[in-house]
Amino acid sequence: MKIIAVIPARYASTRFPAKLMQDLGGKTVIIRTYEAAVNTQLFDEVFVVTDSDLIFDEIVAQGGKAIRSVKEHESGSDRIAEAVENLDVDIVVNVQGDEPFIDRDSLAKVIDVFRNDPDGKVDLASLMREIKDENDIDNPNNVKVVVDQNGMALYFSRSVIPYPREKNVGVRYFQHIGIYAFRKQALIDFYHLPMKSLEASEKL
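Residues numbered from 1 in each chain as written. Predicted model: local features only at pLDDT ≥ 70, side-chain atom pairs only at ≥ 80, totals over all residues. Heavy atoms only, no water.

1. Points about the pattern of salt bridges
Thought 1: Using the criterion set out here, one finds 7 salt bridges in the structure.
Thought 2: The partner of Lys 2 in a salt bridge is Glu 45, and the shortest N-O contact between them spans 3.1 Å. Of the two residues, Lys 2 sits in the segment before strand 1 (3-9) while Glu 45 sits in strand 4 (residues 45-50), which places them 43 residues apart along the sequence.
Thought 3: Among the residues examined, Lys 2 registers a relative accessible area of 28% and is labelled partly exposed.
Thought 4: Across the pair Glu 130 and Arg 172 runs a salt bridge whose closest N-O atoms are separated by 2.8 Å. Of the two residues, Glu 130 is situated in strand 7 (residues 124-131) and Arg 172 in the loop between strand 9 (153-157) and strand 10 (173-183); the sequence distance between them amounts to 42 residues. (Salt bridge = Lys/Arg side-chain N within 4 Å of Asp/Glu carboxyl O. Helix = DSSP H or I, 4+ residues; strand = E, 2+ residues; numbered from the N terminus. Buried < 20%, exposed > 50% of the residue type's maximum accessible area, 1.4 Å probe, protein only.)

Below you can see the structure in the form of structure tokens.
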């Protein structure tokens, strides 16, 4: 099973333009993130995929592997799908470009989902963590997820889900952690599907 990490990297971030090219202890954020992904030793290869000549040149100049996006994309997953469509890989892990302090254990957990799925029933795996602070629960920048008893995701939202109509009923809240691992074909299928209203509304 060939497992790669792909780091989608936009230069024109809406909240913090040029964030990935900022200095972090003598190296840019994107180089720190790339090196952190490589240093986990979990991946057969690590790539940065970007629409920016500046980021592309930065990665290549430091001896890294970069792929230039050809098209404009609505999401990092779309950008990654374009990049890997013609690569011979099995599992593609989306590592966020602004995560220089990568948690190796979390990445290992999401990869293990596929290692422990010999029948190939799982197409996509991600992570979540319980949150209890009301500010974290209310914050629309923290994506919440509801799962069934088997850990299968039912719905993701920036809103508070489930809604606490009654207090003290033991509801637990989970924040989605933005690490995605796809079987390649599932990622390509997602890429070619049209964006529907729920995805467009939540921007998730």
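Let's pick the thread back up.
2. Considering the packing of aromatic side chains
Thought 1: Under the criterion given, the structure shown has 1 aromatic pair.
Thought 2: Summarising the aromatic geometry, the rings of Tyr 180 and Phe 182 are spaced 6.2 Å apart at their centres and angled 20 degrees between planes, so their arrangement reads as stacked.
Thought 3: The class of Tyr 180 is partly exposed, set by a relative accessible area of 25%.
Thought 4: In this structure Phe 182 comes out as buried when scored by relative accessible area, which is 7%. (Phe/Tyr/Trp six-rings, centres within 6.5 Å; stacked < 30°, edge-to-face > 60°.)

3. A word on helix 2 (residues 53-61)
Thought 1: Taken together, the buried positions of helix 2 are Ile 55, Phe 56, Glu 58 and Ile 59. Mapping the buried residues of helix 2 onto a view down its axis gives an arc of 160 degrees, with all of them on the same face.
Thought 2: Those residues of helix 2 that are buried are in contact with strand 1, strand 3 (27-28), helix 1 (29-39), strand 4 and strand 5 (66-68).
Thought 3: N-cap assignment for helix 2: the residue whose side-chain oxygen lies 3.2 Å from the backbone N of Leu 54 is Ser 52.
Thought 4: A positive backbone phi angle near 85 degrees is found at Gly 63, which sits one or two residues after helix 2. (Arc of directions from axis to C-beta. Contact = heavy atoms within 4.5 Å. Polar contact = N/O pair within 3.5 Å; in protein donor to acceptor, adjacent residues only side chain to side chain.)

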